[in-house]
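These are the residues of each chain, in order.
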Amino acid sequence: MRVRILGIGMGPRHVTVEVADALRGCDYAVAVRKRDDDGLLALRRSVCDAFGVPLVTVADPERDRDDPADYPAAVADWHEARAVAFERVLVERGGTAAFLVWGDPSLYDSTLRIVERIAARGRTPVEYDVLPGISAPQILAARHGIVLHEVGRPVHVTPARRLREAVEAGQDNLVVMLGGRHGFEGLEDWTIWWGANLGTASEELVAGRLGDVRPDIDAARRRARDGAGWVMDTALLRRAS
Ligand SMILES: C[S@@+](CC[C@H](N)C(=O)[O-])C[C@H]1O[C@@H](n2cnc3c(N)ncnc32)[C@H](O)[C@@H]1O
């Protein structure tokens, strides 16, 4: 049993030659099916169609998303449930399976941990490897024509829910992901380079002083959601010097 964890960027146009070759050699691809996520599943399906691989979908187990008191425990439970669901498919089908990862597997993605769990459960021997994809911050930087940091300076990558503590700790150049409901209050004088649905037909970009462009971001976010039926955004925030 072999699993190939493949970064697919934001859809077929971002699939690298290396990942395309790997996909063509797989017997099938596996992807989760979320209730509110059909647009993203459709993009994964288009990758499979483009490279001639059948897609097997697995219903995504329920997850406590309402800021649970013990966030790591809630995520661990969800990973275990996903591992069980994926393991079932692998055992039934055997062969070589592709796990299609949105963007790159190294950045805010649970696939690698879930496959490690399947291997650790020991019910089925699993060999796996990982191939990189193009991640949202890379597309954000390319679209705005910027480097993510100033010369020789760091960039801090954070989920939006931890933005406040990062700023309080002195971070002044941050890539913010997993936005959801979390805002940028108090950072009106910072510069933002923002993008939603990057790399897709409903892509939106806004840049400027946050206090000035906030309404533009809100409007662009709505357009992205209306266009695609889903919205994901990433931003670079830099304290004004
Ligand atoms: C679960 S993480 C996946 C990140 C992905 N593995 C990557 O390499 O970019 C989802 C978050 O990535 C960012 N993201 C993913 N796709 C995006 C897109 N097309 N446009 C803007 N941000 C995106 C958003 O911050 C979103 O909340």
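This text gives an overview of the structure that appears in the document. Only a predicted model underlies this, so the values are computations on that prediction, with no experimental measurement involved.

## As for the nonpolar core
Nonpolar side chains in soluble globular proteins generally cluster together in the buried interior.
For step 1, the next point in the chain: Leu6, Ile8, Leu23, Ala29, Ala98, Phe99 and Leu100 are the most contacted members of the largest nonpolar core, which totals 31 residues.
For step 2, the next point in the chain: Elements represented by at least two residues in this core include exactly β1 (2–7), α1 (17–24), β2 (28–33), α2 (38–51), α3 (71–93), β4 (96–101) and α4 (111–121).
For step 3, the next point in the chain: The contacts of Leu23, once residues within four sequence positions are left out, are Leu6, Phe51, Val53 and Ala98.

## Looking at unusual backbone geometry
For step 1, the next point in the chain: For Tyr108, which is not glycine, the phi dihedral falls at a positive 45°.
For step 2, the next point in the chain: Mapped onto the secondary structure, Tyr108 falls in the loop between β4 and α4.
For step 3, the next point in the chain: Here Asn197, not a glycine, exhibits a phi torsion of approximately 50°, which is positive.
For step 4, the next point in the chain: Relative to the assigned elements, Asn197 resides in the loop between β8 (191–196) and β9 (204–209).

## Some thoughts on the pairing of strand β10 (residues 233–238)
Sheet faces and side chains relate simply in a regular strand, where the side chains alternate between the two faces.
For step 1, the next point in the chain: The element β10 is largely enclosed, with a buried count of six among its six residues.
For step 2, the next point in the chain: The alternating pattern of β10 places Asp233, Ala235 and Leu237 on one face and Thr234, Leu236 and Arg238 on the opposite face, and all of these are buried.
For step 3, the next point in the chain: By the bridge criterion, four bridges tie strand β7 (residues 173–177) to β10 in an arrangement that is antiparallel. When the bridges of β10 are listed, Asn173 appears paired with Arg238.
For step 4, the next point in the chain: By the bridge criterion, six bridges tie β8 to β10 in an arrangement that is antiparallel. In the strand pairing of β10, Trp193 is matched with Leu236.

Criteria and thresholds
Residues numbered from 1 in each chain as written. Predicted model: local features only at pLDDT ≥ 70, side-chain atom pairs only at ≥ 80, totals over all residues. Core = buried A, V, L, I, M, F, W, Y, C linked by C-beta atoms within 7 Å. Buried ≥ 20, exposed ≤ 12 C-beta atoms within 10 Å, placed from the backbone. Helix = DSSP H or I, 4+ residues; strand = E, 2+ residues; numbered from the N terminus. Contact = placed C-beta atoms within 7 Å. Pairing = 2+ DSSP bridges.

That's the geometry; what it means functionally is another story.
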